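# Chain and residue survey
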Amino acid sequence: MARSGFVFSGEYGPSGLTALSGLIAVAAVGALAAAVLVIGARRLSPRATLWALAGQALLAFGPYLLLGEVWGPVAGAVVASVLFTLPHRISWLPAVMVIALDVGLSAVFGRVGADGLALVGRLVIDVLVGANLLGVMLLTDVTRRLTAERAAYAALAVAEERFHNAERMRVTLGADLSSVVRLSRLGLDGEQARARLAEIAVTARRAVHTARSIIDTRRELAGGQTDPDASAFPSTTISPRLAWLFTLATTINCALLVLVNFAFYVQPSFAGWVLVLLTLAGCAILQMYHGAPQVTGRPPRRWRWTLPLHLVILAEAVALTGPHFAPTITLAAGAVLYRWRRPWSFGVLAIVTAELLLVLPSGATVGDHVYLVASLTGALIQAYAYCRLPEVARELAQASAGLARLAVVRERLRVTRDVHDLLGLSITAIGLKCELITRLVDADPVRARHEFRELGTLALRGLADIQAAISGAPELRLAEELRAVCSLLDASGIHAEVAVGTAALPADIDTLLATVVREAVTNVVRHTATATTCKITLTTRDGTARLRVTNDGEPGLAAAGAGTGLVNLRDRLAAACGRLSAESDHDGFVLTAYVPLRPAQRGRLHPAGLGRDPDRVDPVPGVELGHR
């Protein structure tokens, strides 16, 4: 916008442009700005980037043929893109050539006899704009890379946590269940049959204890927000020193532009030059004191005194000499925006802008006003950005570290939930089968052998459940779970009644209801010692599936809704837009799950699949804890 205003400024007069050429100038300036944004985003391929640079150069130099001296200087955008894109070893030469070409075209298309100071002014503007845009592009790019590195670290932290969980479960639970598989294959015949059965029972009890310890340990670690390895976080940050150097370069360039303005428009005496130089030197020192990013990260102690002094000096200079100090006062305005709170900072900026507009010559055009206001706005935002970007990067690093820790905590909670929900049935069934076989070994040897063989099947299923808990993507099937729980209920001496409709369920709903059946029946066996009957019914009506598990007997505390398993089920059902009710009645205990077959909005994560985030919140971009 500033360069568009310059095209229509009083320097050349409105007669210097036709309506068509003015429209072309504005469009070219807008296209140059868009090209800077596209190149700075680093989303183009190398070949496309080169084409973008070529197009940007055409937009910067082509309008000279139509507009002549009215156009430019806008080569700073091309300079910034070249330095940002090309390798550092070779980028400086093309950048210098771009600036030289812009100054040369200004000389060729300029007015005959024009003062050489005008060309120097254009040179300074090209360097200033190029340095400013390059600084913002580099700092923004570092921020983007920092975000990507932190997200990658979060994924690695979760993977490391999953590896530790896998090792612990493989060494403990995996070894116990593999031992059950090995012993069950030896059969129930021979003199050592009862010893093998007793060893399996001991192993099953040990597995139950191990599973509980894993659940408790993971929950404690999650509740404590333990940092997995703070020293392993990526060290990439935005150096305040880099932003400080860009601020220094901008301050020097603005001072040079002020000198060119005085030499071209005012031509002061020797004493005047001394006063201008002293003013610029003092303002530059003050600007770097309170208007530049601090390497220590702490604000300067006396900025509340130096910043008002800085503004008073520049305000007097503008009042005495006109708008020639505008480049430096815009940097001071950026310091005001950074240091002072709103609305005080906005009030000061309004006063500065008003003063600059009042000191414009009487013949100033609308273009002059647009150029001045747009230049002021752009420069103060840039000075503010140099100070804020390192702080934002620091805050982003701290937030990303916290999110990475949160991702690990969520993985620990997932393991807690899945170990409880997945392994509970298999381990409980092995223990109950051992008790049943002990009673049957003399009374019904044939059935005892059959039940003994099923121990191996249950152990293999437990090993599969361990792998599912580790990977976070188990695939349960309702039909298989119904057969398994009926076998468990039979081994526990509980009569099972199952009434399930024939309607096909979506795969995710089928998995979710299989989880409900598994947890509900495990609770019946574990916590209702007097149960004799368990009924499981599944119906679908009006697009909603209703699973109901009822049992007689007096329920324990966990079965009545205070246990971890029912809390997990409520979370899973809520993620699928369903709900769970668990209550006691005069005949026993009733658990009912309602879930729509087509939830209105399930979010990006799979709500019914085990190992996913039930609250559908993914705290770290790119990290899904249930992903393989």
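See the structure printed just above.
So, about empty space enclosed by the protein. Under the counting rule described, the total for this entry stands at two cavities of 30 Å³ or more. Approximately 60 Å³ is the volume found for the second largest cavity. Surrounding the second largest cavity, Thr251, Ala255, Leu280, Cys283, Ala284, Gln287, His310, Thr328 and Leu331 form its lining. Among the elements of the structure, helix H9 (240-266), helix H10 (270-290) and helix H12 (326-339) are those that each provide at least two residues to the lining of the second largest cavity.

Glancing now at the side chain of Thr592. Of note, Thr592 is situated in strand E5 (residues 588-596). Within polar-contact distance, the side chain of Thr592 engages the side chain of Arg548 at 3.4 Å. Leaving out residues up to four positions away in the same chain, Thr592 has contacts with Arg546, Leu547, Arg548, Arg579, Leu580 and Ser581.

Time to look at helix H5 (residues 75-85). Most of H5 is tucked away, with 10 of its 11 residues classed as buried. Here H5 has its buried residues at Ala75, Gly76, Ala77, Val78, Val79, Ala80, Ser81, Val82, Leu83 and Phe84.

Once that is clear, we can look at the packing of H10 against helix H11 (residues 303-321). Where H10 meets H11, the closest approach of the two axes is 10 Å, and the angle between their N-to-C directions is 150 degrees. Helix-helix and strand crossings are classified by hand; for H10 and H11 the assignment is left-handed. Of the residues in H11, those in contact with Thr279, Cys283, Leu286, Gln287, Tyr289 and His290 of H10 are Trp303, Thr306, Leu307, His310, Ile313 and Leu314.

Pairing is mixed in the open sheet, where five strands are placed in the order E1-E2-E3-E5-E4. Only two strands of the sheet have a single neighbouring strand rather than two, namely strand E1 (495-500) and strand E4 (579-585). Strand-to-strand twist of the sheet, defined as the mean angle between neighbouring strand axes without regard to direction, takes the value 10 degrees. Alignment of strand E2 (residues 533-541) against strand E3 (residues 544-552), held across eight bridges, turns out to be antiparallel. Looking across to E3, one finds that Leu538 is bridged to Leu547. Sheet strands in contact with helix H16 (residues 478-491) are E1 and E2, and its direction is about 160 degrees off that of E1. Strand contacts of helix H17 (residues 507-527): E2, E3 and E5, with the helix running at about 170 degrees to E5, the strand carrying the most contacts.

Time to look at the side chain of Thr330. For Thr330, the location among the structural elements is in helix H12. When its relative accessible area of 6% is taken as the criterion, Thr330 is described as buried. Polar side-chain contacts of Thr330 include one of 2.5 Å to the backbone oxygen of Pro327. Once residues lying within four places of it in the same chain are set aside, the contact partners of Thr330 are Ser375, Leu376, Ala379 and Leu380.

What follows covers a nonpolar patch on the surface. Taken together, Leu20, Ile24 and Leu66 make up a surface patch of nonpolar side chains, about 290 Å² in accessible area. Residue class for Ile24 comes out partly exposed when judged on its relative accessible area of 34%.

Its 21 residues place the ends of H17 30 Å apart at the C-alpha level, agreeing with the 30 Å of an ideal helix rising 1.5 Å per residue. Counted residue by residue, H17 has 18 buried out of 21 residues, so it is predominantly covered.

To continue, consider the packing of aromatic side chains. Following the criterion strictly, the structure yields one aromatic pair and no others. The interplanar angle of 70 degrees and the centroid separation of 5.3 Å between the aromatic rings of Phe262 and Phe325 together place this pair among those described as edge-to-face. In this pair, Phe262 sits in helix H9 while Phe325 sits in the loop between H11 and H12, placing the two residues 63 residues apart along the sequence. Here the basic side chain of Arg42 rests over the ring of Phe84, its NZ or CZ set 4.1 Å away from the ring centre.

With that settled, the discussion passes to the pairing of E4. The pairing of E4 with E5 spans seven bridges and is classified as antiparallel. The residue of E5 that forms the bridge with Leu580 is Ala593. The hairpin turn running from E4 into E5, its antiparallel successor, is two residues long.

So, on to the pattern of salt bridges. According to the stated counting rule, one finds eight salt bridges in the structure shown. Notably, a salt bridge pairs Asp176 with Arg206, separated by 3.0 Å at the nearest N-O pair. Placement of the pair is Asp176 in helix H7 (residues 116-184) and Arg206 in helix H8 (residues 193-223), with a sequence separation of 30 residues. Classification of Asp176 as buried rests on a relative accessible area of 8%. The residue Arg447 makes a salt bridge to Glu451 at a minimum N-O spacing of 3.4 Å. Linking Arg447 with Glu451, this pair stays in helix H15 (residues 445-471), spanning four residues, or about one helical turn.

Rules used in this analysis
Residues numbered from 1 in each chain as written. Predicted model: local features only at pLDDT ≥ 70, side-chain atom pairs only at ≥ 80, totals over all residues. Heavy atoms only, no water. 1 Å grid on protein atoms, 1.4 Å probe; cavity = no way out; pocket = protein on both sides within 12 Å on 5 of 7 lines; lining within 4 Å. Points joined across faces, edges and corners; volume = space filled by probe spheres on them. Helix = DSSP H or I, 4+ residues; strand = E, 2+ residues; numbered from the N terminus. Polar contact = N/O pair within 3.5 Å; in protein donor to acceptor, adjacent residues only side chain to side chain. Contact = heavy atoms within 4.5 Å. Buried < 20%, exposed > 50% of the residue type's maximum accessible area, 1.4 Å probe, protein only. Axes fitted to C-alpha atoms, helices over the stretch in contact; angles between N-to-C directions. Left-handed = near helix turned anticlockwise from the far one by under 90°. Pairing = 2+ DSSP bridges. Patch = residues over 30% accessible without salt bridge, like charges linked within 9 Å, V, L, I, M, F, W, Y side chains within 5 Å. Areas by Shrake-Rupley, 256 points an atom, 1.4 Å probe, with all protein chains shown as cover. Salt bridge = Lys/Arg side-chain N within 4 Å of Asp/Glu carboxyl O. Expected span 1.5 Å × (residues − 1). Phe/Tyr/Trp six-rings, centres within 6.5 Å; stacked < 30°, edge-to-face > 60°. Lys NZ or Arg CZ within 6 Å of the ring centre and 35° of its normal.

Read these as spatial facts, not as claims about activity.
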